Amino acid sequence: MEKDLLEKFRKQLEDKRAEIISEADKTLAEMTDQNTNIPDPNDRATIESDRSFELRIRDRERKLLGKIEEAISRIDEGDFGICEGCGDDINVKRLEARPVTTLCIDCKTMQEQKEKSQGL
């Protein structure tokens, strides 16, 4: 893959990583600043529901952060954009849509079909 394109993907991944970390910091600050003495049960329930939703989002982002780190490592090692399933190049359009991907569209489709048939 061309060096310019790799640097574009690296910047995109690093920007996303910074965004996730920033959002996590905001969430942590908001949760530690909140007053936990809320007398109305309905208000407490709403706050707990919102907090639970926020934590689920942060957990998904934590998993994405790991994938971002792996993708940056693949750029450093020269393996970025190579399908782990078949060894072919992953289409640039697919990488633009999901730069953390490790499978080409054909291998990903086969993986999903296999998971679906196994009921996973």
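Calculation notes
- Residues numbered from 1 in each chain as written.
- Predicted model: local features only at pLDDT ≥ 70, side-chain atom pairs only at ≥ 80, totals over all residues.
- Heavy atoms only, no water.
- Helix = DSSP H or I, 4+ residues; strand = E, 2+ residues; numbered from the N terminus.
- Expected span 1.5 Å × (residues − 1).
- Core = buried A, V, L, I, M, F, W, Y, C linked by side-chain atoms within 4.5 Å.
- Buried < 20%, exposed > 50% of the residue type's maximum accessible area, 1.4 Å probe, protein only.
- Contact = heavy atoms within 4.5 Å.
- Salt bridge = Lys/Arg side-chain N within 4 Å of Asp/Glu carboxyl O.
- Axes fitted to C-alpha atoms, helices over the stretch in contact; angles between N-to-C directions.
- Parallel < 35°, antiparallel > 145°, perpendicular 65-115°, else oblique.
- Left-handed = near helix turned anticlockwise from the far one by under 90°.
- Nonpolar A, V, L, I, M, F, W, Y, C, P; charged D, E, K, R; others polar.

Describing helix H4 (residues 105-118)
Across its 14 residues, H4 extends 20 Å between first and last C-alpha, which sits within 8% of the 20 Å expected from 1.5 Å per residue. Positive phi appears at Gly 119, one or two residues downstream of H4, with a value of about 75°.

Here's the deal with the nonpolar core
Leu 13, Ile 68, Ile 75, Phe 80 and Cys 83 are the most contacted members of the largest nonpolar core, which has 16 residues in total. Of all the secondary-structure elements, those providing two or more residues to this core are helix H1 (3-33) and helix H2 (41-77). Not counting residues within four places of it along the chain, the set of residues in contact with Ile 68 comprises Leu 13, Lys 16, Arg 17, Ile 20 and Val 100.

As for H1
Under the 1.5 Å per step criterion, the end-to-end length of H1 is 45 Å for 31 residues, consistent within 8% with the ideal 45 Å. Looking only at H1, the buried set comprises Leu 6, Phe 9, Arg 10, Leu 13, Ile 20 and Thr 27. Where the residues of H1 are buried, they touch H2 and helix H3 (92-97).

Some thoughts on the pattern of salt bridges
Tallied over the entire structure, the rule returns 13 salt bridges. Between Glu 48 and Arg 51 there is a salt bridge; the shortest N-O distance is 3.6 Å. Pair noted here: Glu 48 and Arg 51 are both in helix H2, with a separation of 3 residues, about one helical turn. One continuous salt-bridge network, built from bridges that share partners, spans Glu 23, Lys 26, Glu 54, Arg 58 and Glu 61.

Looking at the packing of H1 against H2
It is the contact of H1 with H2, at a shortest axis distance of 9 Å, that shows an interaxial angle of 150°. One element, H1, and the other, H2, form an angle in the roughly antiparallel class. For the pair H1 and H2, the crossing hand works out as left-handed. Taken together, the residues of the contact of H1 with H2 sort by class into 14 nonpolar, 1 polar and 11 charged.

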